[in-house]
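# Fold and contact review
The chain contents come next:
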Amino acid sequence: MELQFKNESYYFPDLSPYRFGDAPPFERVLRIGWLEAGHDYQRGAVDDEVMAKLTEIKASRWPTLFHFGLIRGSYSCTLCPKGDRAGCSTELLIQNAEKPGSYFGCLSMIDHFIRDHNYKPPEVFLSSVMKVDLNRPFDAVLSYDEAHLSVDAMRDVYEIHVRRVAGSTAPENRRYRQWLEEHGFWPPREKQS
Ligand SMILES: [Zn+2]
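Residues numbered from 1 in each chain as written. Predicted model: local features only at pLDDT ≥ 70, side-chain atom pairs only at ≥ 80, totals over all residues.

### Some details on the pairing of strand β8 (residues 103–107)
Put simply, side chains in a regular strand alternate between the two faces of the sheet. Along β8, 5 of the 5 residues are buried, which leaves the element largely enclosed by surrounding structure. Alternating positions in β8 separate into two faces, Tyr103, Gly105 and Leu107 on one and Phe104 and Cys106 on the other, with burial throughout. As judged from the 3 bridges shared by strand β2 (residues 26–31) and β8, these two strands associate in the parallel manner. Bridge pairing in β8 links Leu30 to Phe104. Across 5 bridges, strand β7 (residues 91–95) lies against β8 in antiparallel orientation. Pairing of Glu91 across the sheet is with Leu107, part of β8. (Buried ≥ 20, exposed ≤ 12 C-beta atoms within 10 Å, placed from the backbone. Helix = DSSP H or I, 4+ residues; strand = E, 2+ residues; numbered from the N terminus. Pairing = 2+ DSSP bridges.)

Next comes the structure, spelled out in structure tokens:
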């Protein structure tokens, strides 16, 4: 998978499906708020309660975690003046309230776009944000993977992740082994040598 972004364009129209390189797009995750200088976007007021909910969503931590894409690099806002640009290093995955099993993916600085650049996301996104249940376990990393990888692919990747995070005490790193256990893939296969 091609991971890029630094100094490259990351503009995508609202509600366009995620895709990487030449791989087919996956419709279960739609982009929201991938703004960039030179591309027009919808403007308008967004309710304070939505902004407050976004703040809570960003602050929530595993086992109710909305951040994903943590290793994909950093993003800086090209709508801000050069030298003084807001930035972020994660994305947020928000359940699509109108389509169970589907999601919206946005940069975690979406609140910055709204507050400082008058961006107004589509209504379906705003209503989905308001319907997020902060008391229900949710793992954006797992859900994102399940939205675009087959079970076999996840098994391969998660066996690697289990080894990679073996020494980590971060609670969310339990997710890989838990997923393998829940799917009957634990203990992992013998490594071919
Ligand atoms: Zn900005």
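### Notes on the domain arrangement of the protein
As assigned here, the protein comprises domain 1 (17–141) and domain 2 (149–182). The C-alpha-based centres of domain 1 and domain 2 are spaced at 25 Å. (Domains from an automatic or database assignment.)

### Focus on the environment of Phe185
Its location among the elements puts Phe185 in the segment after α6 (174–182). Taking the C-alpha atoms as reference points, Phe185 and Tyr158, separated by 27 residues in sequence, lie 10.0 Å from one another. Aside from chain neighbours lying at most four places away, what touches Phe185 is Arg155 and Leu180. (Contact = placed C-beta atoms within 7 Å.)

### Details of the sheet that holds β7
Sheet architecture is open: 5 strands sit in the order β1-β2-β8-β7-β4, paired in mixed fashion. Where the open sheet ends on each side, the last strands, each with one partner, are β1 (17–18) and β4 (67–68). Across the sheet, helix α3 (residues 123–131) is in contact with β7 and β8; its angle to β7 comes to roughly 85°. (Axes fitted to C-alpha atoms, helices over the stretch in contact; angles between N-to-C directions.)

### Some remarks on the pairing of β7
Of all 5 residues in β7, 5 are buried, a share of seventy percent or more. Because side chains alternate across β7, one face comprises the buried residues Glu91, Leu93 and Gln95, and the other comprises Leu92 and Ile94, equally buried. Looking at chain direction, β4 and β7 are connected through 2 bridges and run antiparallel. Its bridge partner lying in β7, His67 is registered against Leu92.

### Section: the nonpolar core
Grouped together as the largest cluster of nonpolar side chains are 35 residues, with contacts concentrated most on Phe66, Leu92, Leu93, Ile94, Phe104, Ile110 and Ala140. Two domains each provide a minimum of three residues to this core, namely domain 1 (17–141) and domain 2 (149–182). Discounting residues that sit within four places of it in the chain, Leu92 has contacts with Ile57, Phe66, His67, Cys106, Ser108 and Ile110. (Core = buried A, V, L, I, M, F, W, Y, C linked by C-beta atoms within 7 Å.)

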